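# Observations on the model geometry
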Amino acid sequence: MARPRSAYAGPACPHCRHVLASDALQDGDIRCPACLTEFEARVFHPPQRSARVLQLAQSGPEGATSCANHPRNAAVASCERCGLLICSLCQLDVESGKYCPSCFERLAQEGALATAKNRFRDYGSLAMVWSIVGLLFSFLFLGIPLGIVSIYYAIRALRSRQNRSSLIVVAAGIFIALVDIGLGGTILFSMLNVARHFP
Amino acid sequence: MTDAKRRRIGSWNDVATRQVVYETDLGVEVDELDHFEIIRRRVFFDDVLLVTYHKEVGPSFVVMMAIFTAGFIALAFVSRELVPLASSFAALAALTLILGVARLMMKVDVITIFGRRSKAAIRYAYRKAFARRIFENICANAAAAQQRRAEELASIEPPAPVVEEEPPLPPPDDVTAAAPPPEQ
């Protein structure tokens, strides 16, 4: 389970996390007023979009429809999921689609929007762990099934793009899984041979 | 955002967390490995407010190395009758001592990126020149992305409505002239 995080409060001292006032930020060396740690800083002023919302009163009498959430604002689009008429305040452009805030929230929760997804299964580590477990318990004939399971996870890891970094782990997982299967097969084969000779 | 064009720029492991940091065209992604789940945080370049660079010791590592050194020295002392075993423990103690002293001398270079809604930290224990290069690279990328964003916004947003200037008020002398003369 993830550790609880404190709420992010903007630029702070990188050492003691004391929140820095915006007027204290400057390019160059800064000394934290709380812990006196000196650090080098580069300050940026990201451009902000000033929301100019078309009001219903400004849009003219013909064809003007109000936003479902803001009755005073004129609708400029409809949500691609629920069809709700939305103003430019509500309109969320995600992956070449226009969504209302509630649909965006739901799609993000369902994991339907790739750009809004922030939790992934680490199939590379799963492959590695199951292959090692299979190796440890191969004497109980678990090498073959767990080897197959870990190869399945390794294939999933190779297919999912976010796990590309763990290519070495995946390769090691596949190798150990093949050893599992080989070892399990050898044990099984020898057991069957013994059973055949001693009925 | 989560695409093939990710470049691994750093990783950090400690007792509680394992983090891998990637750079993409749009920003920085921090993958925190939590058992078999990856939790991803992103800081977009056009959202960056502040990028900092500083050095820290990381006291937990030094304390841990000190404990290990003391433990191995104790084990070497206890097993001094068995020379090969004692010398193995002494070698391990020397190794942990060197690691601790190296950390005290070299420190850890930390790059912290503060965005509007999130932040990311990248730590480098040994690659100092690489850390400096990454810091400069992130700053350059953030500046370029914000410049591009400003140009986009300037082209998208309609110009502010022109407010017609009101006709100037008459000068105060004229006002007194226009006023009716006081009754005598």
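## Details of the state of the cysteines
Each disulfide consists of one covalent bond between the sulfur atoms belonging to two cysteines. Residue and element names in this part refer to chain A. Taken as a whole and assessed by the stated rule, the structure comprises zero disulfides over all chains. Note on Cys32: no disulfide assigned, nearest cysteine sulfur contributed by Cys16 at a separation of 3.6 Å. The exposure class of Cys32 is buried, given its relative accessible area of 0%. Free of any disulfide, Cys79 has its nearest cysteine sulfur in Cys82, 3.7 Å distant. Accessibility expressed as a relative area gives 4% for Cys79, which makes it buried.

## A word on the pattern of salt bridges
Residue and element names in this part refer to chain B. Evaluation of the coordinates by the stated rule reveals 19 salt bridges over all chains. Close ionic contact of Arg41 with Glu32 constitutes a salt bridge, the shortest N to O distance being 3.5 Å. The class for Glu32 is buried, based on a relative accessible area of 7%.

## Thoughts on the domain arrangement of chain A
For chain A, the assigned domains are domain 1 (13-44), domain 2 (56-116) and domain 3 (123-194). Computed from C-alpha coordinates alone, the two centres of domain 2 of chain A and domain 3 of chain A are separated by 48 Å.

## Points about the nonpolar core
The biggest cluster of nonpolar side chains holds 23 residues, and the ones touching the most others in it are Val51(B), Ile111(B), Ile113(B), Ile122(B), Tyr124(B), Ile134(B) and Ile138(B). Elements represented by at least two residues in this core include exactly strand S3 (27-34), strand S5 (50-56), strand S6 (108-114), strand S7 (119-124) and helix H3 (128-156) of chain B. The dominant element in this core, judged by the number of residues it contributes, is H3(B), at eight residues. Residues contacting Ile113(B), with those up to four places away along its chain left out, are Val28(B), Val43(B), Val48(B), Leu50(B), Val51(B), Ser118(B), Lys119(B), Ala120(B), Ile122(B) and Ile138(B). By size, the runner-up hydrophobic cluster in this structure holds 12 residues, among which are Cys79(A), Cys87(A), Val94(A) and Leu113(A).

## Quick word on a nonpolar patch on the surface
Judged by side-chain polarity, Leu92(B), Leu95(B), Leu97(B), Leu99(B), Val101(B), Leu104(B), Met105(B), Met106(B) and Tyr126(B) come together as a nonpolar surface patch covering roughly 830 Å² of accessible area. For Met105(B), the position within the fold is in helix H2 (residues 83-106).

## Things to note about the confidence of the model for chain B
Close inspection of predicted coordinates is inappropriate for parts of the model with low pLDDT. Residues and elements named next belong to chain B. Mean pLDDT over chain B: 84, with 85% of residues reaching 70 or higher. Here helix H4 (residues 172-178) stands out as the least confident element of chain B, with mean pLDDT 58; S6 is the most confident, with 93. Both scores are given for the predicted complex: the pTM is 0.73, the ipTM 0.72.

Calculation rules
- Residues numbered from 1 in each chain as written.
- Chains lettered and ligands numbered in written order.
- Predicted model: local features only at pLDDT ≥ 70, side-chain atom pairs only at ≥ 80, totals over all residues.
- Heavy atoms only, no water.
- Disulfide = S-S within 2.5 Å.
- Buried < 20%, exposed > 50% of the residue type's maximum accessible area, 1.4 Å probe, protein only.
- Salt bridge = Lys/Arg side-chain N within 4 Å of Asp/Glu carboxyl O.
- Domains from an automatic or database assignment.
- Core = buried A, V, L, I, M, F, W, Y, C linked by side-chain atoms within 4.5 Å.
- Helix = DSSP H or I, 4+ residues; strand = E, 2+ residues; numbered from the N terminus.
- Contact = heavy atoms within 4.5 Å.
- Patch = residues over 30% accessible without salt bridge, like charges linked within 9 Å, V, L, I, M, F, W, Y side chains within 5 Å.
- Areas by Shrake-Rupley, 256 points an atom, 1.4 Å probe, with all protein chains shown as cover.
- pLDDT = per-residue confidence, 0-100.

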